[in-house]
Each structure stands twice: as structure tokens, then as C-alpha cells.
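Here is how the chains run, residue by residue.
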Amino acid sequence: MKKSFVALVALLSVGSAFAGSMPKGDATAGQALAAQCAACHGADGNSAAPTFPKLAGQNAKYIYKQLQDFKAGRRNNALMMPMAADKTDQQMADLAAYFSQQKSGVNLADPALVAKGERLYRGGNPATGLAPCAGCHGPAGKGNALAAFPKLGGQHADYVKAQLIAFRAAGRDDNTDQKRVNDAAKAGEQGIMQMVAAKLSDKEIDALANYISGLH
């Protein structure tokens, strides 16, 4: 628990420092740029395909950081890396401002998994040392804009599941290329999501992804 707390404090500090370097975004300019994103994410950031994340209502600092990470190669995705490659810092901030101001829809969760998902989201799993998601992402899944922690509520379950599996693979150093490491403060270190996801079972990931999808 102490190790997780120290990592969380460090990440909060990184998020705060990072947030100060983000240019002020222009949502009107971002709307024009968003036409390039519409095929996958929807014109207003509410993607129709469950494998593509909803961007509507996401906090701007988180969107900006992800675009920065795609461009720098800190986050690996064959579709997003070329999209971010030619974007300036200002264009990324404009896109982030636009999508953050859009209203996000909410999905219907599977009632059979809601209770388990809620327990994990709000209370973690003391038996395995799993920290509750609500500590960073908030009771309603709205995230933490100051620390650039993402809004989760209403996100597609398939997308959430894929990200948790990728974080887990990085945290456990699984033998796969599908790893997500861009939550770490420094290359080679484990970020908070890698440490948290490493403690999740497949069934826990399914329950959490389902619960988050309907959370609002």
C-alpha cells in the first residue's frame, strides 16, 4: 500500500507539472481539426465502435498528454501514431479543448456484473492489495483534471478492457507486444496503472469494464 501511495503522489506531481506546459486550447479551431478524427471517434467524440474510445467529455489535459505520447512514441498504436505525428502542440491543445467540451453518452451495463464491478471500483480487493479505481478516477468516474487522470464513466467496455489488459501486460512484463507503458513518470519505471492492473484477474477486468461503461 505504501509503495502504491508513493507512486500515486509522484504521478500527481508529474501530472501537475505536465498540465502547466499545455497551451491554451481553442475549441473552435479544434472542431475544424476534429473532422480528421470523426471516422473513428465520431464528430462529437462519441464513437460508435466500442473498440475506439469516446473522447467527448474527456478532460483536456489527458487528451493532450495522449496525443503528445502518441507523437513521441511513448504510447504505441498503429492508427494514432501517424495521426499525431504532424500535429503541433497548439493543434493538440485545440483538439483537446473541443472534445472536452462535448457531452458524453453513457452505455448500458450488464446487470449481472454491476455489483462485482462496483465493489472493485469503489473498494478494490484487499485480499490482493488492489487499490480502488475511485481513488484516482472519482466516485462517478469523472477523473481528475489537475492530475490528467482520465474520465472513465460511460467509456466503452471493450476499450476499457483492452487498456486494462495492456496495462496488466506491462505490469507483469508478459510476453506480448500489447503493452501500455505511458503512465510511468520515467521510461523503465512502472506507472500506477501498471501496478494496479497487474493485480487484476480476467474476471475482475470484465466486471470493472462493464461497471465503468455504465457509470455516470
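Note that the structure is a prediction, hence the values are computed from the model and not measured.

J.: Sorry if this is basic, but what is going on with the overall build of the protein here?
T.: Along the protein, the regular secondary structure elements total 11 helices and zero strands. Along the protein, helices and strands appear, N-terminal first, in the series α-α-α-α-α-α-α-α-α-α-α. For the protein, the C-alpha radius of gyration of 16 Å lies close to 17 Å, the compact-globule estimate for 216 residues. Seen through its C-alpha atoms, the protein measures out along the principal axes to roughly 50 × 40 × 30 Å. Here the protein holds 216 residues, and 46% of them are scored as buried. At a minimum sequence separation of 6, the contacts of the protein that also span at least 24 residues come to 71%.

J.: I would appreciate a short explanation of the packing of helix H7 (residues 111-123) against helix H11 (residues 202-214) in the present structure.
T.: Two numbers describe how H7 lies on H11: the axes approach to 7 Å, and their chain directions differ by 95 degrees. Considering the angle they form, H7 stands roughly perpendicular to H11. Of the residues in H11, those touching H7 at Leu-113, Val-114, Lys-116, Gly-117, Glu-118, Leu-120, Tyr-121 and Arg-122 are Lys-203, Glu-204, Asp-206, Ala-207, Leu-208, Asn-210, Tyr-211 and Ile-212. Residue composition of the contact of H7 with H11, by class: eight nonpolar, two polar and six charged.

J.: Sorry, what's going on with the environment of Lys-103 here?
T.: Its place among the elements puts Lys-103 in the loop between helix H6 (89-100) and H7. Under the relative-accessibility criterion, Lys-103 is labelled exposed at 74%. A C-alpha to C-alpha distance of 8.4 Å links Lys-103 and Gly-45, two positions 58 residues apart in sequence. If near-sequence neighbours (up to four positions away) are discounted, Lys-103 is found in contact with Asn-46 and Ala-56.

J.: In this structure, what is going on with helix H4 (residues 60-72)? I would like to understand it.
T.: Because each turn of an α-helix spans 3.6 residues, side chains separated by three or four positions end up pointing in the same direction. Between its first and last C-alpha atoms H4 spans 18 Å; for 13 residues at 1.5 Å apiece the expected length is 18 Å, and the two agree. Of all 13 residues that make up H4, 10 are buried, and the element is covered over most of its length. Along H4, the positions that sit buried rather than exposed are Ala-60, Tyr-62, Ile-63, Tyr-64, Lys-65, Gln-66, Leu-67, Gln-68, Asp-69 and Phe-70. Where H4 ends, the next residue or the one after it, Gly-73, has phi of about 85 degrees, a positive value.

J.: Explain the nonpolar core here, please?
T.: Tyr-121, Leu-164, Leu-200 and Leu-208 are the most contacted members of the largest nonpolar core, which totals 22 residues. Put simply, the parts of the chain that give this core at least two residues each are H7, helix H9 (157-172), helix H10 (192-197) and H11. Apart from the residues lying within four places of it in its own chain, the contact partners of Leu-164 are Met-193, Ala-197, Leu-200, Ile-205 and Leu-208. In this structure, Ala-34, Ala-60, Met-80 and Met-92 belong to the second largest nonpolar core, which totals 20 residues.

J.: Hey, could you run me through the packing of aromatic side chains in this one?
T.: Each aromatic ring pair is characterised by the separation of its centres together with the angle its planes make. Applying the stated criterion across every chain, the model contains two aromatic pairs. Measuring from centroid to centroid gives 5.6 Å for Tyr-121 and Tyr-211, while their planes differ by 55 degrees, and the two rings are tilted. One end of the pair, Tyr-121, is in helix H7; the other, Tyr-211, is in helix H11, and 90 residues separate them in sequence.

J.: How should unusual backbone geometry be read in this particular structure?
T.: What is expected of a backbone is that most residues other than glycine have negative phi and most peptide bonds are trans. The backbone phi angle of Ala-148 is positive, close to 60 degrees, even though this residue is not glycine. With respect to the helices and strands, the residue Ala-148 is situated in the loop between helix H8 (134-137) and H9. Phi is positive for Asp-173, which is not a glycine, with a value near 55 degrees. With respect to the element layout, Asp-173 can be found in the loop between H9 and H10. The exposed category is assigned to Asp-173, whose relative accessible area is 58%.

What counts, and where the lines are drawn
- Residues numbered from 1 in each chain as written.
- Predicted model: local features only at pLDDT ≥ 70, side-chain atom pairs only at ≥ 80, totals over all residues.
- Heavy atoms only, no water.
- Helix = DSSP H or I, 4+ residues; strand = E, 2+ residues; numbered from the N terminus.
- Rg over C-alpha atoms; globule rule 2.2 N^0.38 Å.
- Buried < 20%, exposed > 50% of the residue type's maximum accessible area, 1.4 Å probe, protein only.
- Contact = heavy atoms within 4.5 Å.
- Axes fitted to C-alpha atoms, helices over the stretch in contact; angles between N-to-C directions.
- Parallel < 35°, antiparallel > 145°, perpendicular 65-115°, else oblique.
- Nonpolar A, V, L, I, M, F, W, Y, C, P; charged D, E, K, R; others polar.
- Expected span 1.5 Å × (residues − 1).
- Core = buried A, V, L, I, M, F, W, Y, C linked by side-chain atoms within 4.5 Å.
- Phe/Tyr/Trp six-rings, centres within 6.5 Å; stacked < 30°, edge-to-face > 60°.

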